[in-house]
Amino acid sequence: LTFAALALVGVVLGYLVLLVRYGPLKAGVLAYRTISVGVVELLKTSPARVSALAWLAIKESFRRRVWVGFVVFAAILVFAGWFLPSGDYKDPGKLYLSFVLTATSYLTLLLALLLSTFSLPGDFKTKTIYTIVTKPVRAGDIVLGRMVGFTLIGTVMLAAMGAVSFVFVNRSLDHRHEYTAAALEEEFDPNGKVIGKRGETDLSQRHRHTLELSPDGYGLALAHHGHTHSITPNSVAGGGDGGVGLSSGAENLLRARVPKRGDIHFLDPNGVRKEEGVNVGSEWTYRSFIQGGTQAAAVWTFEGVDETVLAGGNGEPEYLPVELIIRVFRTYAGDINRAIQGSIQLRNPQPKIVDGQEVYTTNNIETFGAKDDTIDYFEFPREQFDKNMNQIDLLDDLVSDDGRLEVVVQCLERSQYYGFARADCYIRLPESSPGWNFFKGYVGIWVQMVIVITIGVAASTFLNGPIAMISTTSFILLGFFRNFLIGVATGVQPDGTKVYGGGPIEALVRIPTRMNLTKPFDENSLTVQLMKWTDEYVIGGLLKSVSYILPDFSTLSSVNYVAEGFSIPGAVIGRELAIALAYLVGLAVFGYFFLRTREVAK
């Protein structure tokens, strides 16, 4: 659809340009000739000619010192460590990944914009285009060659930035902690036997870890600032109780979680099922809230729960890994650093009939303390106990016959609220490689770069450099607000809420007359009907047409996937690449028809 729409727009606008230049009769003849000849020429596009012209575009990029962009990026990373507060930031991995990916995106898009929009206009201005068109090349070869050439040089630049960024992130976040073996306190069981040691590490990158060690020296520096450290006896230098211990490098800073998601519903304070929770007044309605100290709960239903989703095995106890993201809304502050108590429970969604009543099988409630916008991790062992302390099996007793399992979360403190959305609870499957996920994040940046290059080259076929740059920039900015434009055109926002006040003409009537947005007009009035028809079909139709052609840059970015530590699904990569191909082919046709209107390209 994108390809067809762009090709059609190219034909229509190309005719309009010819109409202004030559009048209706000659414009029609030239448009017909361009289309008839163009279809044959496009089918005869030569890979050899396109490759030669792409190589010319690459050499032109080097003459314009495109490598300066990489130098600027490297300089940004050199000084970034001075300003990024990794030590006292609760999730430094997210901070650094967001920074490098965002900086790469902006710098790459800027380079793509400058290269693509000033190339052809510069050739027309310096007359070097005549050297090219005297060769056996076609207009389509020129347009496609520029797009491919700039894409190749941009890909090399992006690969270099990605490699440097990955090294920068890992080197900046990697650190170790020391601890004194003599300062560790031994822990004893009731019989006086040593069962472990506990202590604290030194201060490194402005934070410490609590140590929990076994009697033989193995253990863990507990999670802090989104990471942990491993402790082994070999890490103790000097030997004896007076030795100085050294932890391993930071672990779990870079993640690539693979979530298995379920559907969510809520229970109100009386325990009645609802599709949404409480609205606490937040303008962003993505999450619903549950009231603490009541029967209110958020309930996720997962399907396909079997042995494949369990972790452990191979001699280790099997367990179900569940992660939960919680937004805490406090009605009174108190100690802002104090965690708000909650509970989590597994439940079989298929009730049993006992004494004529429906009874749900559940495990014993597990309580926890939640802080705002943090990820809490739970490991539910396969061997469980129900609320009556009877032993049960997670798969046999808590999972229904059709493979469904419910996770029930409640807030236990009165006057406090937990906020949840569907994606906030998931079963964590085996993780993907953080390095591979980082690479997939750069694929999203590459797709945005390709689209900018194709738009810039197509615009430069009939506009001069500065105007082509402004047009391409406008196209990009409108692409970031594509969903908003669709909402204006259709009267319905992306979240499904209705937009009150009507279209642009209706708004022009309401504003000076100070008419309430929800007050209806007289539907029997011919003027009102004409106004609404114009808003819906003329202006709204134009906005919808423009919106559907615009690339949705807000969804092409995978920065949040990588920064939040979630693996980018393969379907997302496939969709991004398909969109890039559609714009490449569609805008190549678009640029071909416009370049054919230039006297030099005939």
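Thresholds, definitions, all that
Residues numbered from 1 in each chain as written. Predicted model: local features only at pLDDT ≥ 70, side-chain atom pairs only at ≥ 80, totals over all residues. Heavy atoms only, no water. Patch = residues over 30% accessible without salt bridge, like charges linked within 9 Å, V, L, I, M, F, W, Y side chains within 5 Å. Areas by Shrake-Rupley, 256 points an atom, 1.4 Å probe, with all protein chains shown as cover. Salt bridge = Lys/Arg side-chain N within 4 Å of Asp/Glu carboxyl O. Helix = DSSP H or I, 4+ residues; strand = E, 2+ residues; numbered from the N terminus. Core = buried A, V, L, I, M, F, W, Y, C linked by side-chain atoms within 4.5 Å. Buried < 20%, exposed > 50% of the residue type's maximum accessible area, 1.4 Å probe, protein only. Axes fitted to C-alpha atoms, helices over the stretch in contact; angles between N-to-C directions. Parallel < 35°, antiparallel > 145°, perpendicular 65-115°, else oblique. Left-handed = near helix turned anticlockwise from the far one by under 90°. Contact = heavy atoms within 4.5 Å. Nonpolar A, V, L, I, M, F, W, Y, C, P; charged D, E, K, R; others polar. pLDDT = per-residue confidence, 0-100.

S.K.: Just give me the short version of a nonpolar patch on the surface, but keep the residues and values in it.
M.R.: Nonpolar side chains collect at one region of the surface, where Phe62, Trp67, Val68, Val71, Val72 and Ile76 lie side by side and expose about 500 Å² of accessible area between them. Per element, the largest residue contribution to the nonpolar patch is four residues, and it comes from helix α4 (residues 68-83). Structurally, the position occupied by Trp67 is in the loop between α3 (47-63) and α4.

S.K.: Could you give me a rundown of the nonpolar core, with the residues and numbers involved?
M.R.: Membership of the largest hydrophobic core comes to 70 residues, with the highest contact counts inside it found for Leu101 and Val169. When residues in this core are grouped by element, the largest group, 14 residues, is from helix α5 (residues 92-126). Judged by nonpolar contacts, the second largest core, of 35 residues, contains Phe266, Val309, Leu394 and Val409.

S.K.: Talk me through the packing of α4 against helix α7 (residues 139-173); I want residue IDs and the actual numbers.
M.R.: The geometry of α4 relative to α7 is characterised by a closest axis approach of 10 Å and an angle of 10° between their N-to-C directions. Taken together, the axes of α4 and α7 are roughly parallel relative to one another. Crossing handedness for the pair α4 and α7: right-handed. Counted together, Gly69, Phe70, Phe73, Leu77, Ala80 and Gly81 of α4 and Met157, Ala160, Met161, Val164, Ser165 and Phe168 of α7 form the full contact between these two elements. Looking at the contact of α4 with α7, its residues break down into nine nonpolar, three polar and no charged.

S.K.: If you had to explain the pattern of salt bridges to someone new, which residues and values would you point to?
M.R.: Inspection of every chain in the model, using the stated rule, returns 20 salt bridges. Across the pair Arg49 and Asp141 runs a salt bridge, and its minimum N-O distance is 2.6 Å. With Arg49 in helix α3 and Asp141 in helix α7, this residue pair connects regions lying 92 residues apart in the sequence. Exposure remark for Asp141: the relative accessible area of 1% places this residue in the buried category. For the salt bridge of Glu318 with Arg382, the shortest nitrogen-to-oxygen distance reads 3.1 Å. Of this pair, Glu318 sits in strand β15 (residues 316-330) while Arg382 sits in the loop between β20 (374-381) and β21 (383-385), and the two are 64 residues apart along the sequence. For Glu318, a relative accessible area of 28% puts it in the partly exposed group. Under the relative-accessibility criterion, Arg382 is labelled buried at 18%. Through salt bridges with shared partners, a single ionic network connects Arg255, Arg257, Glu323, Arg428 and Glu431.

S.K.: Can you explain the confidence of the model for the protein chain? Please cite residues and give values.
M.R.: With 94% of its residues at a pLDDT of 70 or more, the protein chain shows a mean pLDDT of 83. Across the protein chain, the secondary-structure element scoring lowest on mean pLDDT is strand β7 (residues 236-237), at 47, and the one scoring highest is strand β13 (residues 297-302), at 96. Counted against residues more than four places away or in other chains, residues 237-241, with its pLDDT under 50, gives five contacts.

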